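Architecture and fold: a report
These are the residues of each chain, in order.
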Amino acid sequence: MKFAVIVFPGSNCDRDMYHAAKDALGAEAELVWYQDAALEGYDAILIPGGFSYGDYLRCGAIASTSDIVTSLRREAKKGTPILGVCNGFQILLESGLLPGALIRNQNLKFICHFEELVVNNNETLFTTDYEKNEVISVPVAHGEGNYYCDDQTLAELVEHKQIVFTYKNNPNGSVRDIAGIVNKQGNVLGMMPHPERAAERLLGSDDGLKMFTSMLKNWRDQYATNA
């Protein structure tokens, strides 16, 4: 399995994501500069956290206009797995690949610590290695992680089981304690917590590694089926 890790100006979690995919998981991974618009040939795409373009205008807004996001939309339509974490989640929202928005934390402060998450949906290609309602420990690090959507969008998220992760103790004011959501097709996941920073026990938790092993197993099952 080969992962692409997209790097924007201001990304700062790209090496963490690369390490999780290549070293912790043992898969192939490449860092892909945002000006290299071609994403064909990769089995999954990772959009890391950071401060793309310095978070000017809105977090993820400028990055969402880049050519590589046009390629990202094409890959999303094809069913390629796409994981956006923190700023990567913000970029997915600004790109229209996921519904809703991320606004300032309720306490207006940057938060950086481990949080307990509840796995609400373990039937996505990102979460099959978890148990339903499993509580996992994953770090957060954000100032604009307060997920917001209108009532109609929230109702659709609930109806289609798109709420994948929720906070056990909501740190930022997100509606319905939402920490991560998936698109209706099930191949694009955005979340504020950082699973790549919880891929080894040395880091304080390896609970995030199951996201990567889930993606790998899904890819193997699909490859074996198509072989």
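Per an unreviewed UniProt entry, the protein carries the name Phosphoribosylformylglycinamidine synthase subunit PurQ and comes from Halolactibacillus halophilus. Among the UniProt annotations of the protein, the heading Subcellular location (unreviewed entry) holds the following wording: "Cytoplasm". Among the UniProt annotations of the protein, the heading Pathway (unreviewed entry) holds the following wording: "Purine metabolism; IMP biosynthesis via de novo pathway; 5-amino-1-(5-phospho-D-ribosyl)imidazole from N(2)-formyl-N(1)-(5-phospho-D-ribosyl)glycinamide: step 1/2."

Moving on: the UniProt feature "active site" (unreviewed entry) in the protein. The UniProt record annotates "active site" (unreviewed entry) at C86, H194 and E196. Annotated residues spanning 111 residues; largest pairwise C-alpha distance 11.0 Å, indicating a single compact cluster. As for its placement among the helices and strands, C86 is situated in the loop between β4 (82-85) and α3 (87-94). Residue C86 is classed as buried on the basis of its relative accessible area of 5%. If we skip the residues at most four places from it in the chain, C86 touches G49, A141, H142, M191, M192 and H194. The topology assignment puts H194 in the loop between β11 (188-191) and α5 (209-226). In this view, H194 contacts C13, G49, V85, C86, V138, P139, V140 and A141; residues no more than four positions away in its chain are not counted.

For the rest of this paragraph, the subject is the pattern of salt bridges. Considering all chains together, one arrives at 10 salt bridges under this definition. Notably, a salt bridge pairs R197 with D16, separated by 3.7 Å at the nearest N-O pair. Taken as a pair, R197 in the loop between β11 and α5 and D16 in helix α1 (residues 14-24) lie far apart in primary sequence, 181 residues in all. With a relative accessible area of 26%, R197 lands in the partly exposed category. Relative accessible area serves as the criterion here: at 30%, D16 is assigned to the partly exposed category. In this structure, the salt-bridge partner of K168 is E116, at a minimum N-O distance of 3.7 Å.

By the secondary structure assignment, T124 is in the loop between β6 (111-119) and β7 (135-142). Judged by its relative accessible area of 7%, T124 is buried. A distance of 2.7 Å separates polar atoms of two side chains, one belonging to T124 and the other to T127. Setting aside anything within four residues of it in sequence, one finds T124 in contact with V164 and V182.

About the criteria used
- Residues numbered from 1 in each chain as written.
- Predicted model: local features only at pLDDT ≥ 70, side-chain atom pairs only at ≥ 80, totals over all residues.
- Heavy atoms only, no water.
- UniProt positions renumbered as here; feature names shortened; annotations may be inferred.
- Helix = DSSP H or I, 4+ residues; strand = E, 2+ residues; numbered from the N terminus.
- Buried < 20%, exposed > 50% of the residue type's maximum accessible area, 1.4 Å probe, protein only.
- Contact = heavy atoms within 4.5 Å.
- Salt bridge = Lys/Arg side-chain N within 4 Å of Asp/Glu carboxyl O.
- Polar contact = N/O pair within 3.5 Å; in protein donor to acceptor, adjacent residues only side chain to side chain.

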